[in-house]
Every structure is written in C-alpha cells, then in structure tokens.
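# Observations on the model geometry
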Amino acid sequence: MHPTIDLTHKNNNNKKWTRLRERLLNKTNPSLILVILILLGAATKALSFELVEEDLYTSNFFSLTVQQHSVDGTYIDSYNVSPDLGSEVRGLAFGPDGLLYMVLVDDSDFVVIAVDNDGLINTTYTGSGYIAGNLSYGKICFGENGQFFVAGTNNLTLFTMGAPQGTVIYTNNQVFDVKFLPTGNLLVLSAYEIQEITNSGDILRTINPSISLTNAQGIEYNPLTNHIFVTMLGHTGNFYQLMKIDADTGEVLIQVSFNYGIDTVSYTHLRAHETLRY
C-alpha cells in the first residue's frame, strides 16, 4: 500500500459528505444535525488543496507543510507531509507526468516523493547526501526524458523517473541549485561558481560574473533574454545580492540588495503566455 499525505481530494469527498448529510436528515435531533453539518462543512473546505500546474507551491524551513498559492500570491490551502517520510520539505517541482515532486530531508540522506492529485505517493526515490546540513540544499529541477536533478551537499544527483535510486554526476564546493537549459544542458550553481554541464555531468564551461560569487544560493535562467539571475549572501561591499547576469559574458547588468535570498523563481513559469523582457 502506498503511504499517503494528510490530504484528500475535495471532489472525492463531496460525495461522502452528501451521503452522510442524507442519513443525518433522517434523524430526529435538529440541533445535533446542525452541529455535525457545520463540522462537515469546515472539513470539506479544509480539503481544498489540489495540484494545479499554474499555481505556486512553497515549502519552509524545518517544516513538513506545503502551501498552495495562486500566481498573484493569494493563499489557497496547504497540506502536511507525514513525519514518517522525512523531517522537512525542501525543493518542489512538477514533473512531466503531472505529479508534484518533493525533496525531503531524511536523517543523513534525502528522499524524493512524487505525489498525485489524491495525495497518494506514486513513487519514492532515494539519494545520498546530508541536505539537512544547509537550509539551501535540496533544490530540484527536471530535464529531458524524465530525468530530474537534486542539488545538495557537494553533489548534483541525477534521477530517472521510475528508477528509485539516484546517481551523483557532478561535484563542487556546496552545490546549491541547478536549472535546465533549452539546449538540454544544465546550469549548476555552487557556492563560488556557475558552470554549464551536460546532463551526464561533463563540464562545458565556467561563467565568471563580473562580481565574484560568495555563498551563492539560487539560480534562474531566462531563455528569452539570455539572462541569468543569481542570489548570494555575498561579501564586503556586496552582501545579500540579487543579480542579473549576461549568460555569455558574465557581466552583472543589475544588482539589488535582497536580504537572505535563498532561491529564485522563473518568470517564464509564472507568465509563460507573455513575452518577457527581464
């Protein structure tokens, strides 16, 4: 039997509530009926979490709660992952199969669970690496042909959908983030370096920003403008920076102060139907 998340799809439960209401209406105590129906209504409302690829899903430090928001930031609902599966949720990503993939801290290693719209865990994947050691570890991205990648500790781990065990394909000093490129290659961010690699881990080039990276945390790529966005904790004169970088030359085009930016979000994910000029 598949483990489940503390979540039940609202549409499946509406039929149950309807049948129970019909039974209650045959009883003779109106006050009791009113109280129970109020409780059932609250429960039905609480079970409104569902997977919608256009929405945003967020995790937080030291928490097993995943929150759902619309793209304008409106909170929709949340659910809790069972503590039997891990101690906290890190990276989140939708797979090409429509499932929500979540990276979980699991003692000295990590697991990735693929969750369907009913809250059932379709597949569990395991990887090696103490991602609990840094709050920024555990980001995930999908590539081609069902491959996905998890950044954490000094490793980038490759997974293939359906194969439960991951394989380390790349190492560097504190691998924090990874993004898939239209070419099929990957941008990998470590604490002090950006490198483009193949999906098998071969290094193609190193991108050297005009402002040196120090404790870099998150990376994003906009294919429409060929710009890279990086957050870093930084160094004297450049603490807590969010930077827009020319992907060809490494020149920092814009930088702003952004306190403790851990990750970045894709404009193309949020507004895929618009022409973007960032």
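Everything here concerns the structure above.
From a predicted model like this one, the values you see are computed outputs, not experimental measurements. (Residues numbered from 1 in each chain as written. Predicted model: local features only at pLDDT ≥ 70, side-chain atom pairs only at ≥ 80, totals over all residues. Heavy atoms only, no water.)

### Observations regarding unusual backbone geometry
The line we're drawing: Here a strand is any run of E in DSSP of at least two residues, a helix any run of H or I of at least four, and the numbering for each starts at the N terminus.
Here the phi dihedral of Asp 107 falls at roughly 55 degrees; this positive angle occurs in a residue that is not glycine. You can see Asp 107 is positioned in the loop between β5 (100-106) and β6 (109-115). A positive phi angle, near 60 degrees, is found at Gln 174, a position not held by glycine. With respect to the helices, strands and loops of the structure, Gln 174 is situated in the loop between β11 (167-171) and β12 (175-180).

### So, the sheet that holds strand β2 (residues 65-69)
Test applied: Each pair of strands is called paired provided DSSP finds at least two bridges between the two strands. As a rule, the C-alpha atoms of each element are fitted with a line to give its axis, helices using only the stretch in contact, and angles between N-to-C directions run from 0 to 180 degrees.
The antiparallel open sheet is built from 3 strands, whose spatial order is β1-β2-β3. Two strands in the sheet have a free side with no partner beyond their single neighbour: β1 (56-58) and β3 (75-80). Averaged over all neighbouring strand pairs, the angle between strand axes comes to 20 degrees, with direction disregarded.

### Considerations on the environment of Phe 62
The criterion, for reference: The contact definition used throughout considers only heavy atoms, calling two residues in contact when any of these lie within 4.5 Å.
With respect to the helices and strands, the residue Phe 62 is situated in the loop between β1 and β2. What Phe 62 contacts, discounting residues up to four positions off in sequence, is Glu 88 and Leu 135.

Bear in mind that shape data such as this cannot, by itself, settle questions of function.
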